[in-house]
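So the chains spell out like this:
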Amino acid sequence: RAMEATGKRVRKETVAVYTVDSPTKKEFVIDEGKGTKLGDIPNVEFALSKIKSDDELLKLVHRSMYRTPGKATVIKKNIRAFSGFPEGFDSAKTEDLFNRAFAATLNAVLDLFDLPRGVGEEGKKE
């Protein structure tokens, strides 16, 4: 027995089981501090230009400044725009971040910002 074809088959519609609302992302805002922007300091600008933007050191520095690791595409731009912590900023988290870091990492941060290593006389930079 042959079956008769009467046309296209009727497809069932898909039923959405659930919907996911994407969380609204907060706009990243750089608050102005009282100091000079890091990008305006020639030695810091030079050191930043020598580091790749996906380097872990830059993520640590960005996290200490802005509480977020930052995207590799804008991490250097944000670090250059940093001019100090805003009024009322709680620096306890930043201190804790650097207290847990290794000495080599801390020395790399000091070199990045052209700061002297060590304490007292041994910390003088030529």
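Below: a short report on this structure. Here the structure is a predicted model, which means the values were calculated and not measured.

Notes on the overall build of the chain
When helices and strands are counted, the chain shows five helices and zero strands. On C-alpha atoms alone, the chain measures out to a radius of gyration of 26 Å, which is more than a quarter above the 14 Å that the 2.2 N^0.38 rule sets for 126 residues. If you line up the chain on its principal axes, its C-alpha atoms span 105 × 30 × 30 Å. Each of the 126 residues in the chain was classed as buried or not, and the buried ones make up 21%. Element-wise, carbon and sulfur atoms account for 54% of the exposed surface of the chain, whose accessible area totals about 10500 Å². For the chain, the separation between the mean place of its 23 positive charges and that of its 20 negative charges on side chains is 11 Å.

Describing the packing of aromatic side chains
Applying the stated criterion across every chain, the model contains three aromatic pairs. For the ring pair Y66 and F82, a centre distance of 5.9 Å and an interplane angle of 90° mean the geometry is edge-to-face. You can see Y66 sitting in helix α2 (residues 56-66) and its partner F82 sitting in the loop between α3 (75-81) and α4 (92-99), a full 16 residues away along the chain. Relative accessible area serves as the criterion here: at 12%, F82 is assigned to the buried category. Ring geometry for F85 and F89: centres 4.3 Å apart, planes at 10°, overall stacked.

Notes on the nonpolar core
Counting 18 residues, the largest nonpolar core has L38, L58, V61, M65, I79, L112 and F113 as its most contacted members. Broken down by secondary-structure element, the contributors of at least two residues to this core are α1 (42-50), α2, α3 and α5 (103-112). Here this core takes six residues from α2, the largest share from any one element. Other than its neighbours up to four places away in sequence, V61 contacts I79, V109, L112 and F113.

Quick notes on the environment of D40
Summarising the element assignment, D40 is placed in the segment before α1. Along the sequence, D40 and A81 sit 41 residues apart, while their C-alpha atoms lie 8.7 Å from each other.

Quick notes on unusual backbone geometry
Its identity as a non-glycine residue notwithstanding, R67 has a phi of 65°, on the positive side. Summarising the element assignment, R67 is placed in the loop between α2 and α3. Phi at D114 is positive, roughly 55°, even though this residue is not glycine. Under the relative-accessibility criterion, D114 is labelled partly exposed at 31%.

Quick word on the side chain of T94
On the secondary structure map, T94 appears in helix α4. Assessed through its relative accessible area of 9%, T94 is described here as buried.

With respect to the pattern of salt bridges
A side chain with one charge may pair with a side chain of the opposite charge, provided their charged atoms come close. Taken as a whole and judged by the stated rule, the model has five salt bridges. Among the salt bridges present, the one from E56 reaches K59, with a minimum N-O distance of 3.6 Å. With E56 and K59 both in helix α2 and three residues apart, the pair spans about one turn of that helix. Among the residues examined, E56 registers a relative accessible area of 55% and is labelled exposed. For K59, a relative accessible area of 26% translates into the label partly exposed.

Basis of the calculations
- Residues numbered from 1 in each chain as written.
- Predicted model: local features only at pLDDT ≥ 70, side-chain atom pairs only at ≥ 80, totals over all residues.
- Heavy atoms only, no water.
- Helix = DSSP H or I, 4+ residues; strand = E, 2+ residues; numbered from the N terminus.
- Rg over C-alpha atoms; globule rule 2.2 N^0.38 Å.
- Buried < 20%, exposed > 50% of the residue type's maximum accessible area, 1.4 Å probe, protein only.
- Areas by Shrake-Rupley, 256 points an atom, 1.4 Å probe, with all protein chains shown as cover.
- Lys, Arg positive; Asp, Glu negative; His and termini not counted.
- Charge placed at Lys NZ, Arg CZ, Asp CG, Glu CD.
- Phe/Tyr/Trp six-rings, centres within 6.5 Å; stacked < 30°, edge-to-face > 60°.
- Core = buried A, V, L, I, M, F, W, Y, C linked by side-chain atoms within 4.5 Å.
- Contact = heavy atoms within 4.5 Å.
- Salt bridge = Lys/Arg side-chain N within 4 Å of Asp/Glu carboxyl O.

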